[in-house]
Amino acid sequence: MKKIFLIGFKDLKIRSRDFNAFIGILLMPLILIFMLGIVFQPLWTSKPFIVDTAVVDLDNDYISDILIKDVLKSQELSKIVNLVFLNDENELRESISKGKYAAGIIINKDFTKNIISGKDDKIIILADPEQAIKASVIKNIVDTFTLEVLKRSVVIDITAKILLKESLIKKEDINYLTNEWSKEIENLKSKIEIKFLNEKSEESRTIVAMDYYAVGMGVMYLLFAANNGTESIFEEKRKGTYQRLFIMPLKKNYIFLGKIFGVFLLTITQFILIILITKFAYKVNWGNSFYGLVVMVLSSVLCFSGLSIFLASLMKSEGQIASIGPAVSLILGFTGGGMFPVFTFPPWLNTISKFTPNRWAIDGFFKLMFDKGNLIDILPYASILFLMTIIFYLTGLTIFRLKEKRND
Amino acid sequence: MNIVETQNLTKFYDKNKAVDNINFFIKKGEIFGLLGPNGAGKTTTVSMLSCLIKPTSGDATICGFSILKDSLEVKKRIGVVPQEIALYGTLSARENLIFWGQMYGLYGKNLKRKVDEVLEIVSLKDRQNELIKKYSGGMKRRINIAVGLLASPELLILDEPTVGVDPQSRINILETLKNLNNNGLTILYTSHYMEEVEFLCHTIAIMDLGKIIALGSLNELRILVGEKDKIIFSTINDIKEDIKDRVSKIEEVDKVNIFNKSLEILTLKGRKILPEVTKILWDEGIRIKSVEIKEPDLETLFLSLTGKTLRD
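So, how was this worked out
Residues numbered from 1 in each chain as written. Chains lettered and ligands numbered in written order. Predicted model: local features only at pLDDT ≥ 70, side-chain atom pairs only at ≥ 80, totals over all residues. Helix = DSSP H or I, 4+ residues; strand = E, 2+ residues; numbered from the N terminus. Buried ≥ 20, exposed ≤ 12 C-beta atoms within 10 Å, placed from the backbone. Contact = placed C-beta atoms within 7 Å. Nonpolar A, V, L, I, M, F, W, Y, C, P; charged D, E, K, R; others polar. pLDDT = per-residue confidence, 0-100. Core = buried A, V, L, I, M, F, W, Y, C linked by C-beta atoms within 7 Å. Pairing = 2+ DSSP bridges. Axes fitted to C-alpha atoms, helices over the stretch in contact; angles between N-to-C directions. Arc of directions from axis to C-beta. Left-handed = near helix turned anticlockwise from the far one by under 90°.

**Student:** What is the right way to look at the overall build of chain A in this model?
**Tutor:** Along the backbone of chain A there are 16 helices and four strands. The proportion of buried residues among the 408 residues of chain A is 42%.

**Student:** What is the right way to look at the overall build of chain B in this model?
**Tutor:** For chain B, the helix and strand inventory stands at 11 helices and 15 strands. The buried share of chain B, taken over its 312 residues, is 41%. Sequence separation of 24 or more characterises 68% of the internal contacts of chain B that already satisfy a separation of 6 or more.

**Student:** Would you explain the interface of chain A and chain B in this entry?
**Tutor:** For interface size, the figure often reported is the accessible area lost on association. Counting residues at the interface gives 18 residues for chain A and 21 residues for chain B. A total of six residues in the side of chain A that touches chain B trace back to one element, the largest contributor, which is helix 10 (residues 241-247) of chain A. Of the residues that constitute the side of chain A that touches chain B, the class distribution is eight nonpolar, three polar and seven charged.

**Student:** Would you mind showing me how to read the confidence of the model for chain A here?
**Tutor:** The predicted coordinates should not be examined in detail at positions where pLDDT is low. Residues and elements named next belong to chain A. The share of residues in chain A with pLDDT of 70 or more is 86%, and the mean pLDDT across the chain is 81. Mean pLDDT per element in chain A: helix 8 (residues 171-183) is the minimum at 65, and helix 12 (residues 290-314) is the maximum at 91. Taken as a whole, residues 189-204 scores under 50 in pLDDT and shows 30 contacts with residues more than four places along the chain or in a different chain.

**Student:** Which parts of the structure should I look at to understand the nonpolar core?
**Tutor:** The nonpolar side chains of soluble globular proteins are, as a tendency, buried together. Of all hydrophobic cores here, the largest spans 152 residues; its most connected members are A:L222, B:I62, B:L97, B:A146, B:L150, B:I157 and B:I206. With 16 residues, the single largest contributor to this core is helix 9 (residues 209-239) of chain A. Those residues within four positions of B:A146 in sequence are excluded, and the remaining contacts are B:L97, B:V118, B:L119, B:I121 and B:V122.

**Student:** Could you clarify how one ought to interpret the environment of B:S217 in this entry?
**Tutor:** Among the secondary structure elements, B:S217 is positioned in the loop between strand 11 (211-216) and helix 8 (218-225). Contact partners of B:S217, with chain neighbours within four places excluded, come to B:H202 and B:T203.

**Student:** For this particular structure, what's the right way to read the sheet that holds strand 4 (residues 123-127) of chain A?
**Tutor:** Within a beta sheet, neighbouring strands are joined by backbone hydrogen bonds and run either parallel or antiparallel to one another. All names here are of chain A. On the basis of which strands lie adjacent, the open sheet formed by four strands has the order 2-1-3-4 and mixed pairing. With one partner strand each, in any of the chains shown, strand 2 (81-86) and strand 4 form the two edges of the open sheet. Averaged over neighbouring strand pairs, the angle between their axes works out to 20 degrees when direction is ignored. The pairing of strand 1 (residues 51-57) with strand 3 (residues 103-107) spans five bridges and is parallel. Looking across to strand 3, one finds that V55 is bridged to I105. Helix-sheet contacts for helix 4 (residues 62-72) involve strand 1, strand 2 and strand 3, and the interaxial angle to strand 1 is about 155 degrees.

**Student:** Just checking my understanding: could you explain helix 4 of chain A for this structure?
**Tutor:** Each α-helix winds once per 3.6 residues, and so residues spaced three or four apart point in a common direction. Regarding helix 4 of chain A, the residues found buried are A:I63, A:S64, A:I66, A:L67, A:V71 and A:L72. Seen end-on, helix 4 of chain A carries its buried residues on one side only, within an arc spanning 155 degrees.

**Student:** Teacher, can you tell me more about the packing of helix 9 of chain A against helix 15 (residues 357-370) of chain A here?
**Tutor:** The angle between the axes and the distance between the axes are what describe a pair of packed helices. All names here are of chain A. Remark: helix 9 packs on helix 15, axes separated minimally by 10 Å, with the N-to-C direction vectors making an angle of 145 degrees. Relative to helix 15, the crossing made by helix 9 is right-handed. Across the interface between the two elements, D211, V215, G216, V219 and M220 of helix 9 pack against N358, A361, I362, F365, F366 and M369 of helix 15.

**Student:** Looking at this model, I keep getting lost on the pairing of strand 8 (residues 155-159) of chain B. Mind explaining?
**Tutor:** Two faces, one strand: in a regular strand the side chains alternate between the faces of the sheet. Residue and element names in this part refer to chain B. The element strand 8 is extensively covered by neighbouring structure, given that five of its five residues are classed as buried. Where strand 7 (residues 78-81) meets strand 8, four bridges bridge the pair, whose relative direction is parallel. When the bridges of strand 8 are listed, G79 appears paired with L156. Inspection of the sheet shows strand 8 paired to strand 9 (residues 186-191) by five bridges, in the parallel sense.

**Student:** In this structure, what is going on with the confidence of the model for chain B? I would like to understand it.
**Tutor:** With 97% of its residues at a pLDDT of 70 or more, chain B has an overall mean of 87. Per the prediction output, this complex has pTM 0.69; the corresponding ipTM is 0.78.

**Student:** Could you clarify how one ought to interpret the sheet that holds strand 8 of chain B in this entry?
**Tutor:** Residues and elements named next belong to chain B. Strand order in the open sheet formed by six strands is 7-8-9-4-10-11, and the pairing between neighbours is mixed. Each edge of the sheet is formed by a strand with only one pairing partner; in this case those strands are strand 7 and strand 11. Each strand axis lies, on average, 15 degrees off the axis of its neighbour in the sheet, ignoring direction. With four bridges connecting them, strand 4 (residues 31-35) and strand 10 (residues 203-208) associate as parallel partners. Bridge pairing links L35 to I206 in strand 10. Helix 1 (residues 42-49) rests against strand 4, strand 8, strand 9 and strand 10 of the sheet, and its axis sits at about 150 degrees to strand 8. Against the sheet, helix 5 (residues 137-149) contacts strand 7 and strand 8, and its axis sits at roughly 165 degrees relative to strand 7.

**Student:** Sorry if this is basic, but what is going on with the pairing of strand 5 (residues 57-62) of chain B here?
**Tutor:** All names here are of chain B. Two elements, strand 1 (residues 2-13) and strand 5, share five bridges in a ladder whose sense is antiparallel. Bridged to T10 within strand 5 is S57. Sheet topology note: the strand 5/strand 6 (residues 65-66) ladder contains two bridges and is antiparallel. Looking at the pairing, T61 lines up with S66 of strand 6.

Structural data, given as structure tokens:
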């Protein structure tokens, strides 16, 4: 057993003397956190996240009423959507281009009638490119709303046609019935659920860009660090030290476990350094629950070490890890919400992000940092990360074992 | 007493036979040489004996332990020096030795004493704290050997330990090995350098295409060659392949090989055929730069047995 730790510590010592590794896995994330934190601070601001939105409602019928009064001006959304009404489409376009509003909504004339009667129509969203993140919030709300309206109108249309075709209803009754059914759309406001990170509780903190990117980049760079560790398996194979380990009087499993321990050591060292440096140098608030933070760090590090072992099991050389690894890290970093907050994502991307370890790690850390969460609060996130860890390690080790058997 | 005994040791890589049913034994205290060109199967043999790869069939015992059934016991009794410089470049020589010593199960004072001892043996104590990546090729090779000595092995296996080493370092390495053997260490040494094997080894096995084609002491192997001489014609211009046929037709010629501007002939009567070969070359317009007649050696034996040289 002792030899497992000795192999791991040897790997950590070697990596600690590698200047490129120091730049790649420690300096880079710290620089990125600092730059993104400074540059994007105005987007987050110390004020609540407010999206200035202008509406031109040419419809003035009940579907547009639902969107405006029951959705956008609802108690929850009114905290973040500052709604202004304009009469003219051109005025709206001009205001948006001047950056006066982050987003603009144009509801066409007869929108409600068209939807009810089954004709095509649309709600136009205009966005200020410089406030794209804020505008995307409005777009997501409207997307969710229109999707729900569309679903219901299609159901009503098809049902009416079937009833008519089967002669179950008279033609003169159908208009009355569809109008009645359409009013059901009013109930859909309860179906629209949009949650914001800073609308959880009275005690919640406002998100600071530096805090957000410390978590986002810190988590994303876990895979960079882990990959750097797993590269050493291939590097040792290339240089012959791995084979020399197999000649030593120690169990074969110990060698691989030692390498895995080395990956874990490197990754946890990097993450702890990022947490400490961002805490003291960037004043990032990592929450008040020490044990919660320990569990989140451990579960995240284990998960990304496992992911790295899994990735390495699919590759043939350190060159492949060096080229594919960063791409995977960046994709996971983006989809997991490490670059842009998940509430700006369209629903489909939001669903995908739930399959990434980044999402659960980031959500767990956010719980500690912004919701004053404690150990109990983060257990669901840590559990999912531990589950992913088991899946990654089991799959990775099985593939490695199969490959070694083939080479024997 | 035999330290190593192999029984029909065989290794296939897919359908390629890398080692083909080889049998030999190494007596305690001797230096046993495996000589052969690249691809002869030397490294595969050594890898099987080091328990790095499993034989496809057959077995071997080292100090009485089977490489198949008791690999951990075997590993405790051998020191292996691989062909590659299997060291960590960003660790110092001492740090490397400490790590590998720990892998052998050495700790504390015992480890420190052993590290000092092997550093003395390879004469690098004064440079022990320098990073391996700053060492010359020869120095790296010496530390590579030092790792193999850490466990005080009963058998030291060296796989081409002098590849890419300058002549001075090579002599140093060979002298070190001689001294170790004089102190009772049994050594299995592989090389494709005939001179090294001739200098070091008590018993020599010549390998080609996975088989042992000759086995014995240097004198026994020389007898196999008989009185054959090797004549080497060095020429100014390239020698065409069809000359090989013409020279082969001379009665006393045993084997002929051509390497661009060199014609090597194995023959019983070296001096007698000289005029005939010279005439053939002259007729073909080939200008002779020098002619050398060599006494029988392992190179000659290999040429005699396989029709190839060790450089092939």
